[in-house]
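Here is how the chains run, residue by residue.
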Amino acid sequence: MKKVIQEGRPPTWWDKNKFGFLFIAPWFIGFMVFNLYPMLYSLFLSFTNFNLFDVPKSVGFSNYIFLFTKDVRFFESVVVTLKYVLFGVPFQLLIALLLALALNKGIPALGIFRAVYYLPALLGGSVAIAILWRQVFDINGLVDHFLMLIGFSGEIVKMSWVTNPNTSLSTLIILRMWQFGSPMIIFLAGIKQIPNELYESASVDGATFIKKFFHITLPILTPIILFNTIMQIVSAFQAFTPAYIVGGSTGGMLDSTLFYSLYIYIVGFTNFKMGVASAMAWILLLVVAALTTIIFKTSDRWVYYDN
Amino acid sequence: MKTSSYKIVLFILVFLGALIMIYPLLWMMASSFKPESLIFKNQSLLISQFTLDNYIQGLKGIGGVTYWQALKNSLIISIFVVAATVLSCSMTGYALSRLQFLGKKVCFILMLISMMLPFHVTLISRYIMFNAMGWVNTYLPLIVPSLFAIGSFFCFLYVQFIRGIPKELDEAAKIDGCSPIGIFFRIIMPLALPATISTAIFSFIWNWDDFFNQLIYINDPRKFTVTLLLKMYTDALSQSHFGILFAMSSISLIPIFIIFLTCQKYLVEGIATTGIKG
């Protein structure tokens, strides 16, 4: 600035932009090198038979055709992942919302409860918790023991919920629900923003607790519900560690815990079919993009905006 | 009278819920101090026979790798990543919230989009790229991307936070002859300390817990991190070594517990302002 004035010339285009360019440079380089280029390159690879060692050869759409028509495990992994998302995310958000409401009611020791409920979300992604989870649901584990304690007997208290293909996915869905802490905190912050006068005037009009919830709290929280839903869906589609550790690195019994991420890992890094794995990654990208777009598009029907 | 009994019921429910939530964790820790033979016989939290055997056995390591070595490796990676993330993401946040430059709007939108990008879509190309550079089996693929503000969540956090800092402070400094670089280091960074703490905490935890990247990039057991070593324990130990598994899992969670106990305020703020996931 000083220099410009001394030299007596108006600031040039470069003068106006240079500091912005300087500070955005790391992000810009990172975006190009670690996001945009890899995305486009994997799109290219998805049309090749690349195996990490030989020169990639173009194979047209055959990776995609193979996945959709011949690969049974691909289909299984889609079903497993959809079940995980469709059951895990709504329940997780419902629990988060209910507890945020309960904690907002002026309960003593709020800080401690909030912390205890949040802790699993903070630890949940780790290998350590996945190991713990496997043991909780394994034969003679905590769950079997608890069922015995409340009076069950026979087969049900002597089963491994993890290796049984009928229940193994449920244990992973429960693990996801267990980690409702971060959406809960976002809901809590949202509920605190609601002006008290709204409730007071509703009380004057004789509104019940239920009415106040459906006519005040819920509409005001809809933008937050939208946000939480999208973030949790995006993250649930990418889950890997729980499936790998709890269910096993090959997808569990009868592929019952073959998450989409796990199958990409198997195809790409165990079988070295990088072309097929790239095609899978792009299919996932398109599905997630389509889903979030649909949710956004329908959101003006159910999301309430203040102005 | 009615509201108070309703509150008591609510309190009891919330209390029971909290107990269910926390019980598996307490069970793991209690079990890690029990002899192997007792872990599944007596599942209560009371430790009738206290032993440190599981820890002593576990810390010795496996396959020639000690647990201490893995802890050290994990710490080295995490510290680098945290420092790089704070520097690069705060720069990005500053550029996008305060500075003017060509293409700013496009950059902001691209940053928001990359927050939702599934990691798979860059995974294979990045691996091929790092493999070609000879970086596989080094920590570089885990560290170098963080130098380039790859954590869009943290960029967003900084954007949100810096927007809340009064602009008059920048203007005053500008009149006093401070350049945008000076403003960044002398005004923005000190005032954005809460955002920095949140970023540091979350990038540390995510990196500490990261499994996928470490799994594909690190093959040499001597370079194993805690998560990889834990995986190796689960592969190598038979069904009769839960005590060791629990002990080693518990140790791996200690850094996160420490952060949780000391920095709760920042965790809550970080989540509430950006919806960052824990």
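Residues numbered from 1 in each chain as written. Chains lettered and ligands numbered in written order. Predicted model: local features only at pLDDT ≥ 70, side-chain atom pairs only at ≥ 80, totals over all residues.

## Here we look at the overall build of chain B
Turning to step 1, where the next piece is worked out: Scanning chain B from terminus to terminus reveals 15 helices and 0 strands.
Turning to step 2, where the next piece is worked out: Taking the principal axes of the C-alpha coordinates as reference, chain B spans close to 70 × 70 × 35 Å.
Turning to step 3, where the next piece is worked out: Here the analysis covers contacts within chain B between residues at least 6 apart in sequence; of these, 73% occur between residues at least 24 apart. (Helix = DSSP H or I, 4+ residues; strand = E, 2+ residues; numbered from the N terminus. Contact = placed C-beta atoms within 7 Å.)

## Looking at the environment of Asn 49 of chain A
All names here are of chain A.
Turning to step 1, where the next piece is worked out: Mapped onto the elements, Asn 49 comes out in the loop between helix H2 (13–45) and helix H3 (62–69).
Turning to step 2, where the next piece is worked out: Distance in space between the C-alpha atoms of Asn 49 and Ser 62 is 9.2 Å, their sequence separation being 13 residues.
Turning to step 3, where the next piece is worked out: With residues near it in sequence (within four places) discarded, Asn 49 still touches Pro 56, Lys 57, Val 59 and Gly 275.

## Re the packing of helix H11 (residues 209–237) of chain A against helix H14 (residues 274–302) of chain A
Residue and element names in this part refer to chain A.
Turning to step 1, where the next piece is worked out: Where H11 contacts H14, the two axes come as close as 11 Å, and the packing angle between them is 170 degrees. Taken together, the axis directions place H11 and H14 in an arrangement best described as roughly antiparallel. Contacts between H11 and H14 involve Thr 222, Leu 226, Thr 229, Ile 230, Ile 233, Val 234 and Phe 237 from the former and Leu 284, Val 288, Leu 291, Thr 292, Ile 295, Ser 299 and Trp 302 from the latter.
Turning to step 2, where the next piece is worked out: By residue class, the composition of the contact of H11 with H14 is 10 nonpolar, 4 polar and no charged. (Axes fitted to C-alpha atoms, helices over the stretch in contact; angles between N-to-C directions. Parallel < 35°, antiparallel > 145°, perpendicular 65-115°, else oblique. Nonpolar A, V, L, I, M, F, W, Y, C, P; charged D, E, K, R; others polar.)

## Quick notes on the packing of H2 of chain A against helix H4 (residues 67–98) of chain B
Turning to step 1, where the next piece is worked out: At their nearest, the axes of H2 of chain A and H4 of chain B sit 8 Å apart, and the two run at 135 degrees to each other. In terms of their interaxial angle, H2 of chain A and H4 of chain B are classed as oblique. For the crossing formed where H2 of chain A meets H4 of chain B, the hand is left-handed. Facing H2 of chain A, whose interface residues are Gly 20, Phe 23, Ile 24, Pro 26 and Trp 27 of chain A, H4 of chain B presents Ser 88, Met 91, Thr 92, Tyr 94 and Ala 95 of chain B.
Turning to step 2, where the next piece is worked out: Here the residues of the contact of H2 of chain A with H4 of chain B sort into 7 nonpolar, 3 polar and no charged. (Left-handed = near helix turned anticlockwise from the far one by under 90°.)

## Quick word on the interface of chain A and chain B
Turning to step 1, where the next piece is worked out: Counting residues at the interface gives 74 residues for chain A and 68 residues for chain B.
Turning to step 2, where the next piece is worked out: Sorting elements by how many residues they give to the side of chain A that touches chain B places H2 of chain A first, with 20 residues.
Turning to step 3, where the next piece is worked out: For the side of chain A that touches chain B, the residue count by class is 52 nonpolar, 19 polar and 3 charged.

## Digging into the domain arrangement of chain A
Turning to step 1, where the next piece is worked out: When the domains of chain A are assigned, the result is domain 1 (14–45) and domain 2 (65–302).
Turning to step 2, where the next piece is worked out: Each of domain 1 of chain A and domain 2 of chain A has a C-alpha centre, and the two are 33 Å apart. (Domains from an automatic or database assignment.)

## Re the confidence of the model for chain B
Residue and element names in this part refer to chain B.
Turning to step 1, where the next piece is worked out: Averaged over all residues, the pLDDT of chain B is 89; the fraction at 70 or higher stands at 96%.
Turning to step 2, where the next piece is worked out: Of all the helices and strands in chain B, helix H15 (residues 264–274) carries the lowest mean pLDDT, 75, while helix H7 (residues 140–143) carries the highest, 96.
Turning to step 3, where the next piece is worked out: Both confidence scores are given for the complex: pTM 0.90, ipTM 0.89. (pLDDT = per-residue confidence, 0-100.)

## Remarks on the environment of Ala 281 of chain A
Turning to step 1, where the next piece is worked out: If you trace the backbone, Ala 281 of chain A turns up in helix H14.
Turning to step 2, where the next piece is worked out: Judged by local crowding, Ala 281 of chain A falls into the buried class, with 29 C-beta atoms found within 10 Å.
Turning to step 3, where the next piece is worked out: Separated by 239 residues in sequence, Ala 281 of chain A and Ser 42 of chain A place their C-alpha atoms 8.2 Å apart.
Turning to step 4, where the next piece is worked out: The contact partners of Ala 281 of chain A, leaving out residues within four places of it in the chain, are Ser 42 and Ile 264 of chain A together with His 120, Val 121, Leu 123 and Ile 124 of chain B. (Buried ≥ 20, exposed ≤ 12 C-beta atoms within 10 Å, placed from the backbone.)

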